[in-house]
Structures are given as structure tokens and as C-alpha cells.
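Summary of the model geometry
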Amino acid sequence: MGLITATIRMQYLQQSRLDLEYKIQLITQTKIGLAQSGDDLMQVGNDYDPESPITKMLTQRQAKLKALEQKLDSQLLQYQNRLKMIDAEYNSCKEMFSKNLQSLSYFN
């Protein structure tokens with residue numbers, strides 16, 4: 001029974017790992033887009049007077065982009081930590097599978 005349980009658990013963990021890796025990839029791509037948008041805002045803002053309402057609006061938008069980037073960083077860190085935990089559990093299940101397989105072959 002331990003072999004079946006370990007196999008099912010390993011498949012579930014593998015699927016969870018792939019899901020987290022995909023989410024990490026999406027966050028990374030989004031952060032790249034945010035960085036580019038922030039750079040674009042600053043280039044446009046350089047063309048205006050620092051005291052103009054347009055420059056102030058662009059500065060506010062850039063601050064919002066920074067806040068969003070920090071939120072994404074936090075979420076990315078959470079996903080990376082979950083991925084480490086899944087990897088540790090996967091390795092544990094793999095060991096359990098190997099031990100059960102060895103004990104099964106011992107009886108044959």
C-alpha cells in the first residue's frame with residue numbers, strides 16, 4: 001500500500017510544482033513589463049517641466065507601478081518558498097517509495 005500512496009503523492013506534488021513554476025514565470029514576465037512601463041513613464045516625464053501636472057501624474061503612476069512590483073515580489077517569494085517545501089516533500093516521498101520498493105523486492 002505504501003507504493004501506491006507514495007506514487008499518488010509524488011504525482012500530486014509534481015503537478016503542484018509545475019503549477020508554481022508556471023505562476024513564478026508569469027510573475028517574472030509581469031515584472032519585466034512593469035519595469036519597462038516605469039522606464040517609459042520616466043522618459044516621457046523628462047520631456048515636461050518638473051512642476052507640471054502631467055509630470056506629477058506620471059510620478060504618481062510610477063509610484064503605483066513600484067507598489068505593484070513590490071506586491072509581485074512578495075507573491076514571488078511566497079511561491080518560491082512553497083516550491084522549496086514541495087521539493088522537500090517530494091524527496092521524502094521518493095525515499096519512501098524507494099524503501100517500499102526495496103522491502104517489496106526483499107520478499108520476492
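Just so we're clear, the structure is a prediction, and the values are computed from it rather than from any experiment.

Remarks on the overall build of the protein chain
Across its full length, the protein chain holds two helices and zero strands. Computed over C-alpha atoms, the radius of gyration of the protein chain comes to 24 Å, more than 25% over the 13 Å expected from 2.2 N^0.38 for 108 residues, which places it beyond the range of a compact globule. Its C-alpha atoms give the protein chain principal-axis dimensions of roughly 85 × 15 × 15 Å. For the protein chain, buried positions account for 23% of its 108 residues. Residue pairs in contact within the protein chain that sit at least 24 positions apart in sequence constitute 84% of those at least 6 positions apart. Per element, the accessible surface of the protein chain, about 8200 Å² overall, is 57% carbon and sulfur. Within the protein chain, the 12 negative side-chain charges are centred at a point lying 9 Å from the centre of the 13 positive side-chain charges.

Some details on the pattern of salt bridges
What the rule picks out here adds up to four salt bridges. Between R17 and D87 there is a salt bridge, and its shortest N-O distance comes to 2.8 Å. Linking R17 in helix α1 (residues 2–45) with D87 in helix α2 (residues 53–107), this pair joins segments that are 70 residues apart in sequence.

Quick look at the nonpolar core
Among the nonpolar cores identified, the biggest contains 16 residues, and L13, L20, I24, I27 and Y79 are the most heavily contacted of them. Mapped onto this core, the elements with two or more residues apiece are α1 and α2. Residue contributions to this core peak at nine residues, all from α2. Excluding residues within four positions of it along the chain, I27 makes contact with L72, Q75, L76 and Y79.

With respect to the environment of N81
Structurally, N81 is set in helix α2. Separated by 72 residues in the primary sequence, N81 and R9 place their C-alpha atoms 19 Å from one another.

Brief notes about the packing of aromatic side chains
As enumerated under the stated definition, the model contains zero aromatic pairs in all. In this arrangement the basic side chain of R17 is found over the ring face of Y90, its NZ or CZ atom lying 4.6 Å from the centre.

Examining the environment of F97
Mapped onto the elements, F97 comes out in helix α2. Placed 92 residues apart in sequence, F97 and T5 show a C-alpha to C-alpha distance of 8.6 Å. Setting aside residues no more than four positions away along its own chain, F97 makes contact with L3, A6, T7 and M10.

A closer look at the side chain of R17
Overall, the relative accessible area of 16% leaves R17 in the buried class. Here the side chain of R17 touches D87 through a polar contact of 2.8 Å, side chain to side chain. With residues near it in sequence (within four places) discarded, R17 still touches L83, I86, D87 and Y90.

Reading guide: rules and limits
Residues numbered from 1 in each chain as written. Predicted model: local features only at pLDDT ≥ 70, side-chain atom pairs only at ≥ 80, totals over all residues. Heavy atoms only, no water. Helix = DSSP H or I, 4+ residues; strand = E, 2+ residues; numbered from the N terminus. Rg over C-alpha atoms; globule rule 2.2 N^0.38 Å. Buried < 20%, exposed > 50% of the residue type's maximum accessible area, 1.4 Å probe, protein only. Contact = heavy atoms within 4.5 Å. Areas by Shrake-Rupley, 256 points an atom, 1.4 Å probe, with all protein chains shown as cover. Lys, Arg positive; Asp, Glu negative; His and termini not counted. Charge placed at Lys NZ, Arg CZ, Asp CG, Glu CD. Salt bridge = Lys/Arg side-chain N within 4 Å of Asp/Glu carboxyl O. Core = buried A, V, L, I, M, F, W, Y, C linked by side-chain atoms within 4.5 Å. Phe/Tyr/Trp six-rings, centres within 6.5 Å; stacked < 30°, edge-to-face > 60°. Lys NZ or Arg CZ within 6 Å of the ring centre and 35° of its normal. Polar contact = N/O pair within 3.5 Å; in protein donor to acceptor, adjacent residues only side chain to side chain.

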